[in-house]
Amino acid sequence: MNLQIRSTADLMRKPAQTQAISLSWIGVKVRLLCYTLAQKGDPDREFIECQYHLCQNDVEKEKAVKSRLHFRSGTMWLSEERLYCCDRCAECDQMANEP
């Protein structure tokens, strides 16, 4: 199968200005209002993402589990404190970083 790029294919594409929908200023304000009302959660509460690479959970900063992770970087042993959503994630992350 021989694929050739034809110069006429570029003429079939629409310019970027005509691809998007043009909204009136009322439509823009209504869409902004909808986006604002669709936001979930209390904006004052702080959430952190679990530091374990296989966990995608968000947890409140007050409920996060602090654990010290010991790992090797080159020839040096390092340890750093990380925040996890539970003890199990902290243990799994420690096992994943063991040499």
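See the structure printed just above.
All of these numbers come straight from a predicted model, not from anything done at the bench.

**Student:** Provide a residue-level description of the overall build of the chain, including the pertinent values.
**Tutor:** Across its full length, the chain holds 3 helices and 4 strands. Along the chain direction, N to C, the helices and strands of the chain fall in the order α-α-β-β-β-β-α. Taken over 99 residues, the chain has a buried fraction of 16%. Of the contacts made within the chain by residues no fewer than 6 positions apart, 36% connect residues no fewer than 24 positions apart. Total accessible area computed for the chain in this model is approximately 9,100 Å², and 53% of it derives from carbon and sulfur atoms.

**Student:** Before we move on, can you summarise the nonpolar core with the specific residues and values?
**Tutor:** With 13 residues, the main nonpolar core has Cys50, Tyr52, Cys55, Val59, Tyr84, Cys85 and Cys89 as its most contacted residues. Ranked by residue count, the leading element in this core is helix H3 (residues 87–96), at 3 residues. Discounting residues that sit within four places of it in the chain, Cys55 has contacts with Cys50, Cys85 and Cys89.

**Student:** Residue-level account of a nonpolar patch on the surface, with values.
**Tutor:** Taken together, the side chains of Ile21, Leu23, Val28 and Leu32 make up a nonpolar region of the molecular surface, amounting to roughly 390 Å² of accessible area. With respect to the helices and strands, Leu32 occurs in helix H2 (residues 25–37).

**Student:** Which residues make up the pattern of salt bridges, and what values do they have?
**Tutor:** What the rule picks out here adds up to 5 salt bridges. The partner of Glu46 in a salt bridge is Lys61, with the nearest N and O atoms 3.8 Å apart. Of this pair, Glu46 sits in the loop between H2 and strand S1 (47–49) while Lys61 sits in the loop between strand S2 (58–60) and strand S3 (65–73); the two residues are 15 residues apart in sequence, bridging distant segments of the chain. Overall, the relative accessible area of 47% leaves Glu46 in the partly exposed class. Between Arg82 and Glu80 there is a salt bridge, with its nearest N and O atoms 2.7 Å apart. Under the relative-accessibility criterion, Glu80 is labelled partly exposed at 32%. When salt bridges with common partners are traced through the structure, they connect Lys66, Arg68 and Glu81 into a single cluster.

**Student:** Can you break down the pairing of strand S4 (residues 76–84) residue by residue, with the values?
**Tutor:** When S3 meets S4, the two strands line up antiparallel, connected through 9 bridges. Residue Ser67 lies in a different strand from S4, and its bridge partner there is Arg82.

Cut-offs applied
- Residues numbered from 1 in each chain as written.
- Predicted model: local features only at pLDDT ≥ 70, side-chain atom pairs only at ≥ 80, totals over all residues.
- Heavy atoms only, no water.
- Helix = DSSP H or I, 4+ residues; strand = E, 2+ residues; numbered from the N terminus.
- Buried < 20%, exposed > 50% of the residue type's maximum accessible area, 1.4 Å probe, protein only.
- Contact = heavy atoms within 4.5 Å.
- Areas by Shrake-Rupley, 256 points an atom, 1.4 Å probe, with all protein chains shown as cover.
- Core = buried A, V, L, I, M, F, W, Y, C linked by side-chain atoms within 4.5 Å.
- Patch = residues over 30% accessible without salt bridge, like charges linked within 9 Å, V, L, I, M, F, W, Y side chains within 5 Å.
- Salt bridge = Lys/Arg side-chain N within 4 Å of Asp/Glu carboxyl O.
- Pairing = 2+ DSSP bridges.

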